[in-house]
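Here's the letter readout for the chains.
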Amino acid sequence: MAQFEEVSQKSAIHPKPVGLVLQYGTAGFRTNSKQLDHVMFRMGLLATLRSKKTKATIGVMVTASHNPEEDNGVKLVDPMGEMVTPAWEVYATQLANAEQEELLTALKDVIEREAISMAQEASVFVGKDTRPSSDSLSQAVLDGVHALGGHSKDYGLVTTPQLHYMVCCQNTQGRYGEATVKGYYRKLSQAFIQLTKNVPNRTDDQKALLVDGANGIGALKVCEMETYLKNELQLSLFNDGSSGKLNHLCGADYVKVQQRAPKGVEMTAGERCCSYDGDADRIVYYYSGSAGRFHLLDGDKIATLISTYLKELLTQAGLDLQIAVVQTAYANGSSTQYLEDTMKVWTHTLLSLSNTHMRSVLTSPPSSQVIVRCTKTGVKHLHHAAQEFDIGVYFEANGHGTVLFSKAAEKKIQKLAQDSNTNAERRRAALLLQNTVNLINQTVGDAISDMLLIEAVLAIRGMTVQQWDAIYTDLPNRQLKVKVADRRVIDTTDAERRTVSPAGLQEAIDSLVKKYRQARSFVRPSGTEDVVRVYAEADTQESADALAHEVSLAVY
Ligand code: NG1
Ligand code: ZN
């Protein structure tokens, strides 16, 4: 067939280094950019097949997120803007690792197994981050799409969540928004302005925010967005990519793991600051406290802030919707405890404090607790778990996350917001909820959208960053990376909180943990780097550091 001839010819321009084996990991393929040309071409092919199979537009994002500038990577985006379904991750790995002469067989194998009609049209959206290698690598993706006769739209430089958003908009015929970067800015900024416009006496200080753009795509895009925000948020941008290297001594991953401020951000005591990662799907906040002490507000603190805000609005609106927070093993023990225990008490307190008028409008008392779930690392797992609830707030501790609303929940909120017979307080809460839904990029974690949401919540609740930080106190913790000969010998269970192999490792960890107070530790092989990650927390920083160190020695 002519189509396959074209694939043969074009694949010769994107040859696979013999013997190279790569894995579709936690977030797609990721390695040194020099090893990825053939993978990109083949992901263009696979995205085209996925599009034919789903009869929908598929996304391909060229990025290696928080990895060093020399690396690159690629991830596929499914029709609703979510991560590609696991079965196709397997195909991705098979296709990427097929030797040059086996490529057509591997491709035909996918076509056959999925019973794909090759006559079906295909459409693929492509985006890339600011890495020097992203230009040629995204071109390789486009070559793959065209080799199989697919249509493509090249969005060029966009954040990962922007590309997810475009795919979702396209496949919902605009119901989610307009599939353009401007449409994205308009939707989010309108929602933000609606949310904050009635907040009384917002001072310039309260509107000010320092942003570390990680020298990446997020810096570029937040600059483009700023005019749409009409001074309702005043951003001071650092690490904007004009001189520094991507993710080098800056960005969300650096700040979270090193627990220190990024290079180049001039912060004064008490100022709110945030850092994006290299493709702007993660965000963390921080500030400098008294005596210059660094305070981090990570994904767990973000999830807590957002879920308590939503819970409060649901109570005020009298909407009985179930709300869950989904975390991973990396969630700080204090955050889990706060959500499981304190939130219950908090909701009861709120109910008993509410005025009689408010209580009388509650059709049924809202469920009193926020449900907390733990999944394996990787947004796809959290996203999936969050879909089971009316409202699912999911965040990895590293700041990667978003909020999902079920269709039924969105409808209830919308109905109440439009009901002119309802009383003013309930309606106000419903309108706030409606604008909150519009502000959130539900397809995937989004640093810009999350930033706007956090800023809106702080403004509405009249909270300072210090008050937010004081909701609970993090247990001191430490994350370490350990290089081992083969990280895959480590196998885990219980949402990665325990190891099942190699034999004896879990017992060794258990006995080390027993030596410390309020301690917890686990290890797991990274899905994005060739390392084993070690996590430890305990009552003091010294204990957390010592435990992490001892556990790393047990991993060797
Ligand atoms: P790995 O390398 O599998 O730990 C890291 C992050 C994940 C996720 C992915 C994708 C940690 C501990 N792990 O995965 O949470 O964000 O990268 O970016 O932060
Ligand atoms: Zn990222």
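In every chain, residue numbers begin from 1 and rise along the written sequence. Each chain takes a letter, starting from A, and each ligand takes a number, starting from 1, following the order in which they are written. The predicted nature of this model means local features are confined to residues of pLDDT at least 70 and side-chain atom pairs, given and counted, to a pLDDT of 80 or more, with totals for whole chains, interfaces and linings taken over all residues.

If you look the protein chain up in an unreviewed UniProt entry, it shows as Phosphoacetylglucosamine mutase from Salvelinus namaycush. Comment text from UniProt for the protein chain, heading Pathway (unreviewed entry), reads "Nucleotide-sugar biosynthesis; UDP-N-acetyl-alpha-D-glucosamine biosynthesis; N-acetyl-alpha-D-glucosamine 1-phosphate from alpha-D-glucosamine 6-phosphate (route I): step 2/2." UniProt positions are given in the numbering used here, feature names are shortened, and annotations may be inferred rather than shown by experiment. Taken directly from UniProt, the Catalytic activity (unreviewed entry) text for the protein chain runs: "N-acetyl-alpha-D-glucosamine 1-phosphate = N-acetyl-D-glucosamine 6-phosphate".

**Student:** Quick rundown of the overall build of the protein chain? Include the residues and the values.
**Tutor:** For helices the rule is a DSSP run of H or I covering at least 4 residues; for strands it is a run of E covering at least 2, with both sets numbered from the N terminus onward. The helix and strand inventory of the protein chain stands at 20 helices and 19 strands. Within these notes, the globule rule equals 2.2 Å times the number of residues to the 0.38 power, and the radius of gyration is based on C-alpha atoms. Expected size for 556 residues packed as a compact globule is a radius of gyration near 24 Å; at 24 Å, the protein chain falls within 12% of this value. A principal-axis box enclosing the C-alpha atoms of the protein chain has dimensions of 75 × 60 × 45 Å. In the protein chain, which comprises 556 residues, the share counted as buried stands at 51%. Throughout, a pair of residues is in contact if the C-beta atoms placed from their backbones lie within 7 Å. Taking the intrachain contacts of the protein chain between residues at least 6 apart in sequence as the baseline, contacts between residues at least 24 apart amount to 73%. Partly exposed residues are those falling between the two cut-offs: more than 12 but fewer than 20 other C-beta atoms within 10 Å of their own, whereas 20 or more means buried and 12 or fewer means exposed, with C-beta atoms placed from the backbone.

**Student:** How would you sum up the UniProt feature "domain: Phosphoacetylglucosamine mutase AMG1" (unreviewed entry) in the protein chain? Please name residues and give values.
**Tutor:** As annotated in UniProt, the feature "domain: Phosphoacetylglucosamine mutase AMG1" (unreviewed entry) corresponds to residues 179–284, 298–347 and 369–461 in the numbering used here. Secondary structure within residues 179–284 divides into 35% helix and 15% strand; the distance between the first and last C-alpha atoms comes to 27 Å. The straight-line gap between the two end C-alpha atoms of residues 369–461 is 20 Å; of that span, 55% is helix and 16% is strand.

**Student:** Can you tell me about the site of ligand 1, naming the residues and giving the values?
**Tutor:** Residues in contact with ligand 1 amount to 14 residues; listed here are only the nearest, Thr26, Ala27, Ser526, Gly527 and Thr528. Gly counts as polar in this scheme, as do all residues outside two lists: the nonpolar Ala, Val, Leu, Ile, Met, Phe, Trp, Tyr, Cys and Pro, and the charged Asp, Glu, Lys and Arg. Tallied by class, the residues present in the shell around ligand 1 amount to two nonpolar, nine polar and three charged. Placing a C-beta atom from the backbone of each residue, we mark the residue near a molecule or strand if the atom is within 6 Å of it.

**Student:** Could you give me a rundown of the packing of helix H7 (residues 181–196) against helix H17 (residues 447–461), with the residues and numbers involved?
**Tutor:** The axes are straight lines fitted to the C-alpha atoms, using for helices just the contacting stretch, and the angles between their N-to-C directions are given from 0 to 180°. Their axes nearest at 9 Å, the elements H7 and H17 cross at an angle of 10 degrees. Considered as vectors, H7 and H17 are oriented roughly parallel to each other. Of H17, the residues touching H7 (which contributes Leu188, Phe192, Leu195 and Thr196) are Ser449, Leu452, Ala456, Ala459 and Ile460. Class assignment for the residues of the contact of H7 with H17 results in seven nonpolar, two polar and no charged. Roughly parallel refers to an angle under 35 degrees, roughly antiparallel to one over 145, roughly perpendicular to one between 65 and 115, and oblique to any angle outside these ranges.

**Student:** Outline the packing of helix H11 (residues 299–317) against helix H16 (residues 424–439), listing residues and values.
**Tutor:** Contact geometry of H11 with H16 gives a least axis separation of 7 Å together with a crossing angle of 145 degrees. Taken as a pair, H11 and H16 cross one another with a handedness that is left-handed. Listed contacts from H16 to Leu313, Gln316 and Ala317 of H11 are Glu425, Arg426, Ala429, Ala430, Leu432 and Leu433. When its residues are assigned to classes, the contact of H11 with H16 shows six nonpolar, one polar and two charged. Less than a right angle of anticlockwise turn of the near helix away from the far helix marks a crossing as left-handed, whereas a clockwise turn marks it as right-handed.

**Student:** Describe in detail the sheet that holds strand S19 (residues 532–537), supporting the description with residues and values.
**Tutor:** Note: two strands are recorded as paired if DSSP finds a minimum of 2 bridges between them. Spatially, the three strands line up as an open sheet ordered S15-S19-S18, and their pairing is antiparallel. Single-partner strands in this sheet number two, and they are strand S15 (477–482) and strand S18 (520–525). When strand polarity is set aside, the average angle formed by the axes of neighbouring strands in this sheet is 15 degrees. Where helix H20 (residues 541–555) meets the sheet, its contacts fall on S15, S18 and S19, and the angle it forms with S19 comes to roughly 145 degrees.

**Student:** Report on the sheet that holds strand S10 (residues 294–297), specifying residues and quantitative values.
**Tutor:** The five strands are arranged S7-S6-S8-S9-S10 in an open sheet whose pairing can be described as mixed. At either margin of the open sheet sits one strand with a lone partner, and together these are strand S7 (234–238) and S10. Direction aside, the axes of adjacent strands within the sheet are offset by 30 degrees on average. For strand S8 (residues 273–276) and strand S9 (residues 283–288), the ladder comprises four bridges, and the chain directions are antiparallel. Considered in S9, the bridge of cysteine 273 is made with tyrosine 286.

**Student:** Before we move on, can you summarise the environment of threonine 308 with the specific residues and values?
**Tutor:** In this fold, threonine 308 is placed in helix H11. Take threonine 308: there are 25 C-beta atoms within 10 Å of it, and that puts it in the buried class. Residues threonine 308 and leucine 339 lie 31 residues apart in sequence; the distance between their C-alpha atoms is 9.0 Å.

**Student:** How would you explain unusual backbone geometry if you had to name every residue and give the values?
**Tutor:** Leaving glycine aside, a negative phi is the common case for residues, and trans is the common case for peptide bonds. Each neighbour pair has its own omega, and for serine 501 with proline 502 the value is 0 degrees, a cis peptide bond. Mapped onto the elements of the fold, proline 502 is located in the loop between strand S17 (498–501) and helix H19 (505–513). The phi dihedral of alanine 214 falls on the positive side, at around 60 degrees, and the residue is not glycine. With respect to the helices, strands and loops of the structure, alanine 214 is situated in the loop between strand S6 (208–212) and helix H9 (217–226). Look at lysine 230: it is not a glycine, yet its phi comes out positive at around 50 degrees. Note that lysine 230 resides in the loop between H9 and S7. Residue classification places lysine 230 among the exposed residues on the basis of 10 C-beta atoms within 10 Å.

**Student:** Residues and numbers for the nonpolar core, please.
**Tutor:** The biggest cluster of nonpolar side chains holds 134 residues, and the ones touching the most others in it are Met40, Met43 and Ile306. Residues within four places of methionine 40 in sequence aside, it is in contact with Val62, Val74, Leu137, Ala140 and Val141. Within the second largest apolar cluster, 20 residues are counted, among which are Ala331, Leu512, Val532 and Val555. Put simply, a nonpolar core is buried Ala, Val, Leu, Ile, Met, Phe, Trp, Tyr and Cys residues tied into one set by C-beta atoms within 7 Å.

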